[in-house]
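As a plain string of letters, each chain reads:
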Amino acid sequence: MRKISTGWRAALGAATAVATLTGTAGVAVADPVSTATITIDTAHPAGRLASDFVGLSFEMRELGIGNLDPAKGNAAALFKTLGRSNVRISGNTLDRDTLWVPQGQEPPNPLPTWVNDVVTPTDIKRLNRFLSVTGWNTMVGINLGRWDQALGTDQAKSMFSILGRKLVAAECGNEPDQWVGKAFRPAGYAYPDYQKDWEMCAAAVGNKRIAGPDTAGTSSSWAASLAADEKDRMSMLTVHQYSAGPDATIATLMSPTTVTSQLNSVAKNLAAAKANGLPFRIDEANSAYGGGVDGVSNKFASALWGLDYSMQMARAGVDGINVHGGLGVCNEPIWNGKFQRYTPICAANAADEQAKVYKAMPIYYGLWMARQMKSGKFLPLTLSTDRNVTAYAVKGDDGRTRIAVIQKDETTAAPVHLDITVDGRARSAEVLRLTGDTLGGEATSIQGATVDRQGHLNPRRADQVRVRNGSLGLDVAAGSAVVITLDGC
């Protein structure tokens, strides 16, 4: 067996499979024994899980081509099924090929050679209607990579006027630490140069509702520097994180090593945000960069990863995540020949894409399960097992304790029996189960139910489990996850 240290700054160790959860999830790797013992400390709640922690992220092009329209298709229903949160609109298409055109003006004819998408106040008004219907808020990018002072100022003014408080923050540019490689800036462009650019955009925005720097590098020093230098002019520190690269496999995605590397990579900038009094959000995240990996990012394993990743980051102190995706045809190039196989929602075929009717991919279900943890404060817990299991507990704002347990072995392995010690006041528990046929298959369901064509999920009633003398026992299938809600504590 191996010992997994629980501090999110610590490295992997080797000895025993017992973990105390004070800063992150307990993790252990598979041996033949199929038991997990969990003890929850209900008396000492710690870090907070926000109600809007799990959000979504899309490219700026989605506005330019007329998507996110509450009057068409089922996108609004899919958002409502997840529950109110935060959607970020930006991505690579923001700086690379999106032109803002003010109200009453016609786009240049011909368009500049770099322009593929045009966004106008009409698109922002459609987004506002979408947010009003779904109850979501948003963060929207302004093109700083190809900066135009007049256009940037006009866009900021229009967005704040139209969206009001639904606009949590404007974002000045996308992944500026990669602008040299994209030919947006000359060789040698560094943080001091970027800060000057950012200040131009901040002046155009004209208020503190600015998030940044949206670095591609999760641990980029640019984020920590911006937090220190501009904390009085911004409302949120943001970075991007992709768990793996194009060589990702299901085995690596499910590995305990991944838990540690994800947490370690955010540590420095998370600490910088807290030190400077700023919320910290990973506003673009997913399983693997470059659009994801076929056979990994679009399969059931990604559902387990999505639930686990959400809880890992929240327990570490991150204030929110936005899982990136695209609204094209599933598993086909969405824009510029690029795939977005990791997308939570996508169209089953070209006809559905035109009708703006989307299906839920496996990761969507993992995010839905994360939302069932509600809002509240994390509870310390001790997990002892010799299987690949992670666990989290939250004392909800509604007074109920919820426990998420993710079993990440292949579905052909033996089940894991959970022995959970909780507050003695609990008398019963409800259990929601996230299951799939295999980690490498697409089939995913919650309580046997899937999202229908209208965008609704109607799982059967949660399983009922008795709690006796502060203990409950529960079998969890290999390659599955549960959210347990305790009654009375």
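As the structure is a prediction and not an experimental result, all values here were calculated from the model. (Residues numbered from 1 in each chain as written. Predicted model: local features only at pLDDT ≥ 70, side-chain atom pairs only at ≥ 80, totals over all residues. Heavy atoms only, no water.)

(A) Focus on the nonpolar core. Counting 111 residues, the largest nonpolar core has Phe79, Tyr194, Val205, Phe280, Ile282, Met313 and Leu434 as its most contacted members. Broken down by element, the residue count for this core peaks at 11 residues, all from helix α10 (residues 300-316). Those residues in contact with Tyr194 that sit more than four places away from it in its chain are Leu144, Cys172, Pro176, Trp179, Tyr189, Pro213, Trp222 and Leu226. Among the nonpolar cores identified, the runner-up in size contains 26 residues, and Leu418, Val422, Ala429 and Leu474 belong to it. (Core = buried A, V, L, I, M, F, W, Y, C linked by side-chain atoms within 4.5 Å. Buried < 20%, exposed > 50% of the residue type's maximum accessible area, 1.4 Å probe, protein only. Helix = DSSP H or I, 4+ residues; strand = E, 2+ residues; numbered from the N terminus. Contact = heavy atoms within 4.5 Å.)

(B) Here's a closer look at the layout of surface pockets. There is about 430 Å³ of room inside the largest pocket. Breaking the lining of the largest pocket down by element, the ones donating at least two residues are α3 (92-97) and β11 (236-244). Of the residues forming the lining of the largest pocket, the biggest block, 3 residues, is contributed by β11. Partitioning the lining of the largest pocket into residue classes produces 6 nonpolar, 9 polar and 5 charged. What the second largest pocket holds in volume is close to 190 Å³. Around the second largest pocket, the lining is made up of 19 residues, and of these Lys359, Ala360, Met361, Tyr365 and Val451 lie nearest the centre. Listing elements by their share of the lining of the second largest pocket, those giving two or more residues are β15 (359-360) and α12 (362-371). Classifying every residue of the lining of the second largest pocket gives 11 nonpolar, 3 polar and 5 charged. (1 Å grid on protein atoms, 1.4 Å probe; cavity = no way out; pocket = protein on both sides within 12 Å on 5 of 7 lines; lining within 4 Å. Points joined across faces, edges and corners; volume = space filled by probe spheres on them. Nonpolar A, V, L, I, M, F, W, Y, C, P; charged D, E, K, R; others polar.)

(C) Spatial organisation of the pairing of strand β10 (residues 210-215). In terms of residue burial, β10 counts as a mostly covered element, since 6 of its 6 residues are buried. Pairing analysis gives 2 bridges linking strand β9 (residues 167-172) to β10, with the strands arranged parallel. Each bridged residue has a counterpart across the sheet, and for Glu171 the counterpart in β10 is Ala211. The handedness of the β9 to β10 crossover, carried by helix α6 (residues 191-205), is right-handed. Where β10 meets β11, 4 bridges bridge the pair, whose relative direction is parallel. Of the residues in β11, the one forming a bridge with Gly212 is Leu237. Regarding the hand of the β-α-β motif, the stretch spanning β10, helix α7 (residues 221-230) and β11 is right-handed. (Pairing = 2+ DSSP bridges. Right-handed = clockwise from strand over helix to strand, strands pointing away.)

Just geometry here; none of it tells us what the structure is for.
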